[in-house]
Every structure is written in C-alpha cells, then in structure tokens.
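Chain residues, written in single-letter form:
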Amino acid sequence: MTSGNLADVTALFDGSRLTMGRRLAGLRKNALAAAVELTPAAISFYESGGKKPSAATVAKLAMALSVSPSFFLPDGSPPAPATAHFRSLRSTTQLARDQAEAYVHVVVEVSRVLERHVDFPPVRLPVRPVGADCADDTPERAAAELRAEWGLPDGPIPHTVRAAENNGVLVVFTPPQSASVDAYSVSRADRPLVLLNPAKDDYYRQRFDVAHELGHLVMHTDEEPGNNIVENQANRFAAEFLMPRAQIADLLPTRADWPRLAKLKETWGVSLQALLYRARQLGTMRDVTYRNAMTTISTRGWRRREPGTVLSVEQPSLLPRAVELLPPDLLAAESRIPHHLLDVVTSRTPVG
C-alpha cells in the first residue's frame, strides 16, 4: 500500500475494525499492545475512536493482525442484529466467544459481497418460538413443520447441509483456531448462519450438529443461548428432524442389538448414540437398557469414534460455488478480508 493510501486509512480509521481484527486473532488488548510496542490504553483509545493511530502504527497493527491496512477502513454497512447460540457458555471462554463472533462478521461481509454478484436462494426458515418453560412436544412439531416447509420426503434426509443451503441458510466451517468452540448458529433476519467445528470430522455427528443448530434458528431467536433447557429442546428438534417418530419408531430395537443399530446408522445417517437416545426418548428402549448400552459405548471407546463406515463430512457448496463465478481476487478486493480467512469461509472442507 502506498503512503498516500496509508494516509487515507489513517484519516478514516475505524476503531471497531481494529476490535474485530484483534478478536479474530484471538488477542487481548495487552497482547496486541505488546506486539506493536504500545500500551493497552492506546489500543483502547484506537478501538473506541477516542484517538486515531499514526500511519506507522496502522502499518504495525496490520502486520500484527495479518491483515492489510485497508481492513481498518469503515465497512459502510453496520452489522445486522444477531444472536449467537453457543452450546455451553460455561465451557466457552470469553476470548473464544469474541473470536467466534468476530468470525461471524467476516462471514456476513463475505456473503454481502457475493450477493452483489450472485443470486442466493431466498431464506425459507419458519420461526416457531419455543420458551424455556415449554413442557409439550413443540420442538418435535417445529421439526416436522420444517421438514414439510422444505418439502423433504419421508425417510432419511440425504444431505442436511444441502437442505439448509437450498433454503437460504449459510453453512460454513470455522477456522482451525476456533476448534475449542463447538458448532454454533447465528439468528439473522437477512441470512441465518450455521457454523461447523472443523475438528469434529465425523459425518454422523456433523449431521446432528446441523439439525441441532437449525432447531435453535427456528425456535430460539429470542432465548438466552447456552442453557440446558434450550440445548435439550434443540436436541429434541434434531432427533425428530433426522428420525421422525412416525417413520423410525417401529424400526428401533428394544435392546442393544448392535448389528441392527449399525444398519440403522448407515441408513439414517445418524450415530449409534443418537439412535439409542431416540429409542429411549420414544419409549422403545427402557432407561436401564439405554444406560447399559451407553456404558458399553464408553467401555469400547465408541464415544469419540464409533465403528462402521467412515464417510467424509457433508460439504457446504453455496459460498464455494458463488466464488467460482467471480473474477479472481474480486472478493478479496471488495471485502478487504485477508486471503487466509476467505479460504476458510469459502471452503468446501475444513481447513487444517
């Protein structure tokens, strides 16, 4: 960048972009300050807009955060209100949440640029609010309604990511440095997001993650994320979405019939643990039988890696295909997002 352009960035420097870049890098203010030989107070001033950095400082900040100086220019379109649904707020540090939410802004900016040039499917995601005090089968009915709304046929869903994308939901992988944060979702009126953990690498669990996050997007736009009640509701939604009661109840075994469960796993695209959960939930399997089966799962080391066919995780295609339709480097120029993050946002597979 020329000194003239750098001067422009200095004059128009947007402190909120510095906050975003710092959080993307997973840095606290004191760590960034040390990297650029400043005080944490100076970083606070820059981020709040109370003071603008010099051209030399802008260059140092850009280098420390692995972005171009133009990254700090105002975006021009304030982010839409959004609610991020993290699985457990207790086990997710504030630094990790900040990093995850900053990445959401990156995904939103990338999608906005792409939608200037490429038509995306309209959002077809019904909102069915379910309160934390709900004691009936509303989560299951919400899942059935979504299957009907999306025109999904009876039986297993062939591709959960494709179903979501075809109905306007963006599905992306998160960066490898965010692997401590499980899959999460973001409720946005213009374009809801599902963000998948890149380290999970399990076809069956990933499909349940997608269904779980769709449950949050449908039911919990106004609920406080991360509590056990809404997480349980999302699990119930996912179970009905992937394994509708009317279609699977008669197929589930009353005992831990592992060969039969293995066939159901392959047919329905869900884990053995999800099938056991569903069998107990529907009353097909007694609680004591379920607990004994889960003990077997643990003792055989299947909680982390179950036996059976190993399939590649489902791949997002909406953003990757959109990028392929654009001239090279147009996305980077218009979004001002660094290439290493663009590669993650628009990848079909997890970036290691």
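The rules behind each value
- Residues numbered from 1 in each chain as written.
- Predicted model: local features only at pLDDT ≥ 70, side-chain atom pairs only at ≥ 80, totals over all residues.
- Heavy atoms only, no water.
- Axes fitted to C-alpha atoms, helices over the stretch in contact; angles between N-to-C directions.
- Helix = DSSP H or I, 4+ residues; strand = E, 2+ residues; numbered from the N terminus.
- Parallel < 35°, antiparallel > 145°, perpendicular 65-115°, else oblique.
- Contact = heavy atoms within 4.5 Å.
- Nonpolar A, V, L, I, M, F, W, Y, C, P; charged D, E, K, R; others polar.
- Buried < 20%, exposed > 50% of the residue type's maximum accessible area, 1.4 Å probe, protein only.
- Pairing = 2+ DSSP bridges.
- Polar contact = N/O pair within 3.5 Å; in protein donor to acceptor, adjacent residues only side chain to side chain.
- Left-handed = near helix turned anticlockwise from the far one by under 90°.

Asks: Let's hear about the packing of helix H10 (residues 228–242) against helix H13 (residues 272–281): which residues, and what values?
Replies: Between H10 and H13, whose axes approach to 11 Å, the crossing angle comes to 95 degrees. The angle between H10 and H13 falls in the class roughly perpendicular. The segment H10 lies against H13, with Asn 232, Asn 235, Arg 236, Ala 239 and Glu 240 engaging Tyr 277, Arg 278 and Gln 281. Tallied by class, the residues present in the contact of H10 with H13 amount to two nonpolar, three polar and three charged.

Asks: Break down the environment of Asn 228 for me, with residues and values.
Replies: Summarising the element assignment, Asn 228 is placed in helix H10. Separated by 78 residues in the primary sequence, Asn 228 and Trp 150 have C-alpha atoms spaced 28 Å apart.

Asks: Give me the pairing of strand E2 (residues 170–173): which residues, what numbers.
Replies: Along E2, one buried face is formed by Leu 170 and Val 172 and the opposite face, lined by Val 171 and Phe 173, is buried too. In this sheet, strand E4 (residues 193–196) lies alongside E2 in parallel orientation, the contact comprising four bridges. Looking at E4, one finds that Val 172 is bridged to Leu 195.

Asks: Any chance you could break down the side chain of Glu 231 for me, citing the residues and the numbers?
Replies: Residue position: Glu 231 is located in helix H10. Here His 212 takes part through its side chain, which lies 2.9 Å from a polar atom of the side chain of Glu 231.

Asks: An account of the packing of helix H9 (residues 203–219) against H10 is requested, with residue identities and associated values reported.
Replies: It is at 8 Å that the axes of H9 and H10 come closest, and there the two elements cross at 115 degrees. Relative to H10, H9 is oriented so that their crossing is right-handed. Where H9 abuts H10, its residues Arg 207, Phe 208, Ala 211, His 212, Leu 214, Gly 215, His 216, Val 218 and Met 219 lie against Val 230, Glu 231, Gln 233, Ala 234, Asn 235, Phe 237, Ala 238, Ala 239, Phe 241 and Leu 242.

Asks: Could you give an account of unusual backbone geometry, with specific residues and numbers?
Replies: A positive phi angle, near 50 degrees, is found at Asp 201, a position not held by glycine. Along the chain, the position of Asp 201 falls in the loop between E4 and H9. Unlike most non-glycine residues, Asp 329 shows phi in positive territory, near 70 degrees. Relative to the helices and strands, Asp 329 is located in the loop between helix H15 (318–324) and helix H16 (330–335). On the accessibility criterion, Asp 329 (55% relative accessible area) is exposed.

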